[in-house]
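Structure at a glance
Below, each chain spelled out in residue letters.
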Amino acid sequence: MSDEVTAEILTTHLLDLAAHGKRLDGRGIDEYRPVSIEPGFVSTADGSALARIGSTAVLCGIKLEPGKPFPDTPNAGVLTTNAELVPLSNSMFEPGPPHPRAIEVSRVIDRAIRAAETIDLTKLCVTPGEKSWVCYTDVHVLDHSGNLIDAGMLAALGALTHATMPNRRFGIADADAPLDVQHFPVECTFVRLGETIVVDPSFEEEQGAQGRITIATDESGRVVAMQKGLIGAFSPDDVKAVVERAFAHGDRLRAIARQGGSSA
Amino acid sequence: MGSVGAKEVPVLLSPEGLRIDGRKLDELRSIRIVAGALHQADGSAFVEWGANKVMAAVYGPREVHPRHLQQNNKAIVQCRYNMAAFSVDERKRPGLDRRSQEISKVIAEAFESVIFAEEFPRTSIDVYIEVLQANAGTRCAGIVAASVALADAGIPMVDLLPAVAVGKVSGAIALDLKKEEDNFGEADLPMALVPQSGRLVLLQMEGHMTRDELAKALDLGVSGCRSIYEKMKQALRDRYAGGTEVAA
């Protein structure tokens, strides 16, 4: 019961602040927390990156293994994305089978990677119909302080752009080669606090939000995925406005994911 | 989408601008909605939408299972969107896969956005959607069926929730994709509208669209939802005017 009361007081406070264009941590309504990427964080992975947005920390590791292409796409490799919300990252998460929340995060990241054609899957084909690379993208949430989708996507993009195809390990070629990344999707998430829509929600803002919306864009000016989540609603004009905001943030996020480093 | 490395791509748009089934770009497939199609459920509906057949049932407000999910200040809305093993060309393994779980989550959140949940603290409103025959747009058909079922169950809501998917087919923005268009089209954008407020409570997108195409798709979807809304209201009127018509 006391949790509910605290949550209600906090939400009221967040809404009051938002109505005046303010946020709990002093940010502007269209301001991200500091974003940073550390590629190559895990040496056992074929590609990896640790992404931070404020105190949210998400690690992504890529593993490439030979496997079989799907029968309906004999000339293409296989891409799978999975997100684990491990219990160490937040008191909300419990051990056990994946919660719908985790499934949503992985599927929204997967959609952006897939729809943007981040990887040319035909280049992952070794022998049509028989052998192709399977690219496992595993997103591991270490510290959930809000906005897991954006952080997870940045980590995944950072890991993919710095990944190596382990040709030698599996006797496929004499030399390893960089994984060819042809498009660079990033996700940009907003939540509604009253009539104000803020970017990059903190954990507290997500708890008090009246709806969340994520827009994935790529470097060529395309929207490649969207997802509305949580209880709440957005008008078509709201959606059009956040799409513009997502494009405005996209290039900077993309640059950080591709080059590593950080934004102040 | 999902067409990478696939073999044959059918012609989706004729030179005259007609679609694979002869529809215009802004034309819906035929929709039949039967409110109160089941007997045991507190509310139910059957929807035939193009070649989709979807049944929805609502139970509750009732006791919450498992109990720890109970909330002291409102009802919880639980949704299970499930596809029957025989509903698709290749048999689907029974049970909820990750896709179904994600869809269940976003549908539950959409309905919780319109249900007056504070009126029923410590209870659960359970929405069950069974896709019996699938031909693209099943989550939207499921939402339409579930929404009519919720109304049939007498659950107080802000409004009914019409839903439709808009997509991009051979470069053109098209309303209500069917299977071939969904499989080989360039984008899919399902949405659910609260007609009274004009706001969207479900919105997803996969594929690629420019911002202008996206704006057009949103407007087309909203107008599609408004015509589905009329059919939903008519189904409920028919229910009270003429007794129960059992589906199929």
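Reading guide: rules and limits
Residues numbered from 1 in each chain as written. Chains lettered and ligands numbered in written order. Predicted model: local features only at pLDDT ≥ 70, side-chain atom pairs only at ≥ 80, totals over all residues. Helix = DSSP H or I, 4+ residues; strand = E, 2+ residues; numbered from the N terminus. Rg over C-alpha atoms; globule rule 2.2 N^0.38 Å. Buried ≥ 20, exposed ≤ 12 C-beta atoms within 10 Å, placed from the backbone. Contact = placed C-beta atoms within 7 Å. Nonpolar A, V, L, I, M, F, W, Y, C, P; charged D, E, K, R; others polar. Core = buried A, V, L, I, M, F, W, Y, C linked by C-beta atoms within 7 Å. Pairing = 2+ DSSP bridges. Axes fitted to C-alpha atoms, helices over the stretch in contact; angles between N-to-C directions. Expected span 1.5 Å × (residues − 1). pLDDT = per-residue confidence, 0-100. Parallel < 35°, antiparallel > 145°, perpendicular 65-115°, else oblique. Left-handed = near helix turned anticlockwise from the far one by under 90°.

**With respect to the overall build of chain A**
Regarding its fold elements, chain A presents 5 helices and 13 strands. Computed over the C-alpha atoms, the radius of gyration of chain A is 19 Å, within 12% of the 18 Å expected from 2.2 N^0.38 for a compact globule of 264 residues. Reported as C-alpha extents along the three principal axes, the dimensions of chain A are approximately 60 × 40 × 35 Å. Within chain A, the proportion of its 264 residues that are buried is 50%.

**Quick word on the overall build of chain B**
In terms of regular secondary structure, chain B is built from 4 helices and 9 strands. Helices and strands in chain B line up, N terminus first, as β-β-β-β-α-β-α-β-β-α-β-β-α. In summary, chain B has a C-alpha radius of gyration of 18 Å against a globular reference of 18 Å for 248 residues, a match within 12%. Its C-alpha atoms give chain B principal-axis dimensions of about 55 × 40 × 35 Å. For chain B, buried positions account for 52% of its 248 residues. Across chain B, every contact between residues at least 6 apart in sequence was considered, and the portion connecting residues at least 24 apart equals 71%.

**What about the interface of chain A and chain B?**
Interface extent is often summarised as the accessible area lost during association of the parts. Counting residues at the interface gives 35 residues for chain A, matched by 36 residues for chain B. Listing elements by their share of the side of chain A that touches chain B, those giving two or more residues are α2 (100–115), β12 (223–229) and α5 (236–259) of chain A. At 7 residues, the largest contribution of residues to the side of chain A that touches chain B is made by β12(A). Grouping the amino acids of the side of chain A that touches chain B by side-chain chemistry returns 19 nonpolar, 8 polar and 8 charged.

**A word on the environment of Ile103(B)**
All names here are of chain B. Of note, Ile-103 is situated in helix α1 (residues 98–112). Looking at Ile-103, the number of C-beta atoms within 10 Å reads 29, which means it is buried. Along the primary structure Ile-103 and Tyr-81 are separated by 22 residues, whereas in three dimensions their C-alpha atoms are 6.7 Å apart. Once residues within four sequence positions are removed from consideration, Ile-103 is found in contact with Tyr-81 and Arg-139.

**Quick notes on the nonpolar core**
By size, the foremost hydrophobic cluster in this structure holds 158 residues, and its most contacted members are Ala155(A), Phe111(B) and Ala145(B). Ignoring any residue separated from it by four or fewer positions in sequence, one finds Ala155(A) in contact with Ala49(A), Leu50(A), Ala51(A), Val58(A), Leu59(A), Cys60(A) and Val139(A).

**Observations regarding the environment of Arg237(B)**
Turning to its location among the elements, Arg237(B) is positioned in helix α4 (residues 211–242). On a C-alpha basis, the gap between Arg237(B) and Ala35(B) in space is 9.0 Å, while along the polypeptide they are 202 residues apart.

**Description of the sheet that holds strand β2 (residues 43–49) of chain B**
All names here are of chain B. Here we have 5 strands laid out as an open sheet, ordered β1-β2-β3-β5-β4, and mixed in their pairing. Only two strands of the sheet have a single partner each, and these edge strands are β1 (31–35) and β4 (76–83). The mean inter-strand angle of the sheet, taken between neighbouring strand axes irrespective of direction, is 15°. Lying on the sheet, α1 is in contact with β4 and β5 (124–133); it crosses β4 at an angle near 145°.

**Considerations on α1(B)**
Think of an α-helix as turning once every 3.6 residues; residues three or four places apart then point the same way. Helix length check: α1(B) (15 residues) gives 21 Å between terminal C-alpha atoms against 21 Å at 1.5 Å per residue, within 8%. Of all 15 residues in α1(B), 11 are buried, a share of seventy percent or more.

**A short note on the sheet that holds strand β6 (residues 163–169) of chain B**
The strands making up a sheet associate through hydrogen bonds between their backbones, and the pairing can be parallel or antiparallel. Pairing is antiparallel across the open sheet formed by 8 strands, whose spatial order is β10(A)-β9(A)-β11(A)-β12(A)-β9(B)-β8(B)-β6(B)-β7(B). In the strand order of this sheet, the two ends are held by β10 (196–199) of chain A together with β7 (172–175) of chain B, each with one partner. Taken pair by pair, the neighbouring strands of this sheet meet at an average axis angle of 20°, ignoring direction. Here β12(A) pairs with strand β9 (residues 199–209) of chain B via 4 bridges, running antiparallel. When the sheet's bridge partners are listed, Gln227(A) is paired in β9(B) with Gln204(B). Across the sheet, helix α3 (residues 148–161) of chain A lies against β9 (186–193) and β11 (212–217) of chain A, angled at about 175° from β9(A), the strand it touches most.

**Some words on unusual backbone geometry**
At the junction of Gly60(B) and Pro61(B), the peptide bond is cis and its omega measures out at 5° in the coordinates. By the secondary structure assignment, Pro61(B) is in strand β3 (residues 52–62). Of the consecutive residues His65(B) and Pro66(B), the connecting peptide bond is found in the cis state with omega at -10°. In this structure, Asn147(A) takes a positive phi of about 60° despite not being glycine. One non-glycine residue, Asp200(A), lies in positive phi territory at about 50°. Along the chain, Asp200(A) turns up in the loop between β10 and α4 (203–208). C-beta crowding within 10 Å serves as the criterion here: with 24 such atoms nearby, Asp200(A) is assigned to the buried category.

**Digging into the confidence of the model for chain B**
Averaged over all residues, the pLDDT of chain B is 93; the fraction at 70 or higher stands at 94%. Predicted complex metrics record ipTM = 0.77 and pTM = 0.86.

**Topic: α2(A)**
Counted at 1.5 Å a residue, the expected span for α2(A) with its 16 residues is 22 Å, and the 22 Å between its end C-alpha atoms agrees. Burial analysis of α2(A) places 14 of its 16 residues in the buried class, the great majority of the element.

**Re the packing of α3(A) against α5(A)**
Residue and element names in this part refer to chain A. Where α3 meets α5, the closest approach of the two axes is 7 Å, and the angle between their N-to-C directions is 45°. As summarised for this structure, α3 and α5 are arranged oblique, according to the angle between their axes. The way α3 lies across α5 gives a crossing that is right-handed. Counting all contacts with α3, which are made through Leu-154, Leu-157, Gly-158 and Thr-161, the residues of α5 involved are Leu-253, Ala-257 and Arg-258. Partitioning the contact of α3 with α5 into residue classes produces 4 nonpolar, 2 polar and 1 charged.

**What about the environment of Gly221(A)?**
With respect to the secondary-structure elements, Gly221(A) resides in the loop between β11 and β12. Judged by the 11 C-beta atoms lying within 10 Å of it, Gly221(A) is exposed.

**Focus on the packing of α1(B) against helix α2 (residues 138–152) of chain B**
For any two helices packed against each other, the geometry is given by the interaxial angle and the distance between the axes. Residue and element names in this part refer to chain B. At a minimum axis separation of 11 Å, α1 and α2 run at an interaxial angle of 40°. One finds that α1 runs oblique with respect to α2. As for the relative orientation of α1 and α2, their crossing is right-handed in sense. Between α1 and α2, the residues in contact are Ile-103, Ile-107, Ala-110 and Phe-111 and Arg-139, Gly-142, Ile-143, Ala-146 and Leu-150, respectively. Looking at the contact of α1 with α2 residue by residue, the class counts come to 7 nonpolar, 1 polar and 1 charged.

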